[in-house]
Amino acid sequence: MFSELKFSLHGGQIGVKIIDMQSFLTLIEQIEKELPSSERKIADYVLQNPSAPLFMTMTELSAAAGSSPAIVVRLCKRLNVDGYSDFKIRLSREVFSNE
């Protein structure tokens, strides 16, 4: 398992974030059972259709999973990603590396 360092600059201070590079889908699978039912709907949809969210807006994903955009944001925070765009980037790395 590899880690990635992510650097950011905030108000003149440098922040470092270590990102665990385990399989993103595996991470979702591992936490799925512990998620609130609203977040689990999103996670289940992503696990069953891993490439679909790559071509969806957050609103489209939430509608397809029977949830709301706010719940997608909460799931992103729980997965320690910087918003929906970062979620799609992490997911795409895995989806396209498995083809």
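Whatever comes next refers back to the structure up there.
Residues numbered from 1 in each chain as written. Predicted model: local features only at pLDDT ≥ 70, side-chain atom pairs only at ≥ 80, totals over all residues. Heavy atoms only, no water.

Peer 1: Pulling in residues and values, what's your account of the nonpolar core?
Peer 2: Note that soluble globular proteins tend to have their nonpolar side chains buried in a common cluster. Ranked by internal contacts, the top residues of the largest apolar core, which has 22 residues, are I28, I42, V46, L61, F87 and L91. Taken together, the elements giving at least two residues each to this core come down to α1 (24-32), α2 (37-48), α3 (58-65), α4 (69-78) and α5 (83-97). (Core = buried A, V, L, I, M, F, W, Y, C linked by side-chain atoms within 4.5 Å. Buried < 20%, exposed > 50% of the residue type's maximum accessible area, 1.4 Å probe, protein only. Helix = DSSP H or I, 4+ residues; strand = E, 2+ residues; numbered from the N terminus.)

Peer 1: Kindly report on the packing of α1 against α5, identifying the contributing residues and their values.
Peer 2: Contact geometry of α1 with α5 gives a least axis separation of 8 Å together with a crossing angle of 115°. The pairing of α1 with α5 is recorded here as roughly perpendicular in orientation. In contact with F24, L25 and I28 of α1, α5 contributes F87, R90, L91 and E94. (Axes fitted to C-alpha atoms, helices over the stretch in contact; angles between N-to-C directions. Parallel < 35°, antiparallel > 145°, perpendicular 65-115°, else oblique. Contact = heavy atoms within 4.5 Å.)

Peer 1: I'd like a description of the pattern of salt bridges, backed by residues and values.
Peer 2: In total, this model carries two salt bridges according to the counting rule given. The partner of E32 in a salt bridge is K33, and the shortest N-O contact between them spans 3.9 Å. The class for E32 is buried, based on a relative accessible area of 12%. A relative accessible area of 64% means that K33 is categorised as exposed. R78 is the salt-bridge partner of E39, the closest N and O atoms lying 2.6 Å from each other. (Salt bridge = Lys/Arg side-chain N within 4 Å of Asp/Glu carboxyl O.)

Peer 1: Talk me through α3; I want residue IDs and the actual numbers.
Peer 2: Within α3 the residues assigned to the buried category are L61, S62 and A65. One side of α3 carries all its buried residues, which in axial view fall inside an arc of 95°. Across α3 from its buried face, at more than 90 degrees, point the exposed residues T59 and A63. On its buried face, α3 is in contact with α2, α4 and α5. Looking at the residues trailing α3, positive phi occurs at G66, about 75°. (Arc of directions from axis to C-beta.)

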